[in-house]
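# Overview (structure and organization)
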Amino acid sequence: MAEPAPSAKKNSSQFVGFQLAGQAYAFRIEQIQEIVILDQVTRTPQVPEYCDGVSNLRGSIIPIINLRRLFGLAAKAADAETRTIVVNVGERTMGCTVDLVSQVVRIPDEDIQPAPETVTADGADYIAGFARFDGDLVIVLDINELLDPAQLEQFKPAAVGQQEPTA
């Protein structure tokens, strides 16, 4: 039996969609361990502003990264839609707090456009590309790049100088 021609196959990947400040983002599903609602995060001293602290996830202590703060967005109190996406990066397990998890989506590989060089020029290699889904432009993030210790160090200077607007 003959294999279908490569152009006839539609390669696609699954992603978990989530939102931060109304913008749609996605992580590849392969590195996601689970999605949880954390009831307790222990604040730890002398950690970068984007780190909410640590949490005990069934006996494992994992760092909790607040993606809003990591990206320099205004802080937002946790609400009924706030979720923590538990991800595996190499040998490490970490939690990423997001405003809401929207859905699991399958996006054809050819529908993911690479990030323009101007977007990744300042070290934003964690943007794997952009995809259109249900009329929204989704920013596809590379978990390995985003949560790599060297990459996180680049966020530190920006986060230290951030001032929250006062009401």
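Presented here is a report on the structure given in the accompanying data block. (Residues numbered from 1 in each chain as written. Predicted model: local features only at pLDDT ≥ 70, side-chain atom pairs only at ≥ 80, totals over all residues. Heavy atoms only, no water.)

## A word on the sheet that holds strand S3 (residues 32-36)
If you trace the five strands from one edge of the open sheet to the other, you get S3-S6-S7-S5-S4, paired in mixed fashion. Edge positions in the sheet fall to S3 and strand S4 (51-57), since each of these pairs with one other strand and no more. The mean angle between the axes of side-by-side strands here comes to 30°, regardless of whether they run parallel or antiparallel. (Pairing = 2+ DSSP bridges. Helix = DSSP H or I, 4+ residues; strand = E, 2+ residues; numbered from the N terminus. Axes fitted to C-alpha atoms, helices over the stretch in contact; angles between N-to-C directions.)

## Looking at the sheet that holds strand S10 (residues 127-133)
Spatially, the six strands line up as an open sheet ordered S8-S1-S2-S11-S10-S9, and their pairing is mixed. Since the sheet does not close on itself, it has two edges, and those belong to strand S8 (100-108) and strand S9 (112-113), each with one partner. Bridge count for strand S1 (residues 12-20) against S8 is eight bridges, and the pairing is antiparallel. Paired with Ser12 across the bridge in S8 is Pro108.

## Describing the nonpolar core
Ranked by size, the top nonpolar core spans 29 residues in total, and within it Phe18, Phe27, Leu67, Val87, Leu141, Leu146 and Leu147 carry the most contacts. If we ignore the near neighbours within four places in the chain, the residues touching Phe18 are Gln23, Ala24, Tyr25, Ala26, Phe27, Leu67, Ile85, Val98, Leu100, Val101, Ser102 and Leu141. (Core = buried A, V, L, I, M, F, W, Y, C linked by side-chain atoms within 4.5 Å. Buried < 20%, exposed > 50% of the residue type's maximum accessible area, 1.4 Å probe, protein only. Contact = heavy atoms within 4.5 Å.)

## Some thoughts on the packing of aromatic side chains
Scanning the model with the defined rule gives four aromatic pairs in all. Pairing Phe18 with Phe27 gives two aromatic rings, centres 4.9 Å apart and planes at 50°, and the pair type is tilted. Side by side, Phe18 and Phe27 carry an identical accessibility label, which is buried. (Phe/Tyr/Trp six-rings, centres within 6.5 Å; stacked < 30°, edge-to-face > 60°.)

## Comments concerning the pairing of strand S5 (residues 60-66)
Here six bridges tie S4 to S5, and the two strands are oriented antiparallel to one another. Paired with Ser55 across the two strands is Ile62, which belongs to S5. In this structure, S5 lies alongside strand S7 (residues 92-98), joined through three bridges in parallel fashion. Counted as the bridge partner of Asn66 is Thr97 from S7.

## What about the environment of Ala80?
Within the secondary structure layout, Ala80 lies in the loop between helix H1 (67-70) and strand S6 (83-89). In this structure the C-alpha to C-alpha distance between Ala80 and Ile37, which are 43 residues apart in sequence, comes to 8.9 Å.

## Considerations on the pattern of salt bridges
Taken as a whole and assessed by the stated rule, the structure comprises five salt bridges. Asp52 is the partner of Arg69 in a salt bridge, and the nearest nitrogen-oxygen pair spans 2.5 Å. With Arg69 in helix H1 and Asp52 in strand S4, this residue pair connects regions lying 17 residues apart in the sequence. Owing to a relative accessible area of 24%, Arg69 belongs among the partly exposed residues under this scheme. Classification of Asp52 as buried rests on a relative accessible area of 17%. Taking the shortest distance from any N to any O, the salt bridge between Lys76 and Asp79 comes out at 3.0 Å. Residue class for Asp79 comes out partly exposed when judged on its relative accessible area of 36%. (Salt bridge = Lys/Arg side-chain N within 4 Å of Asp/Glu carboxyl O.)

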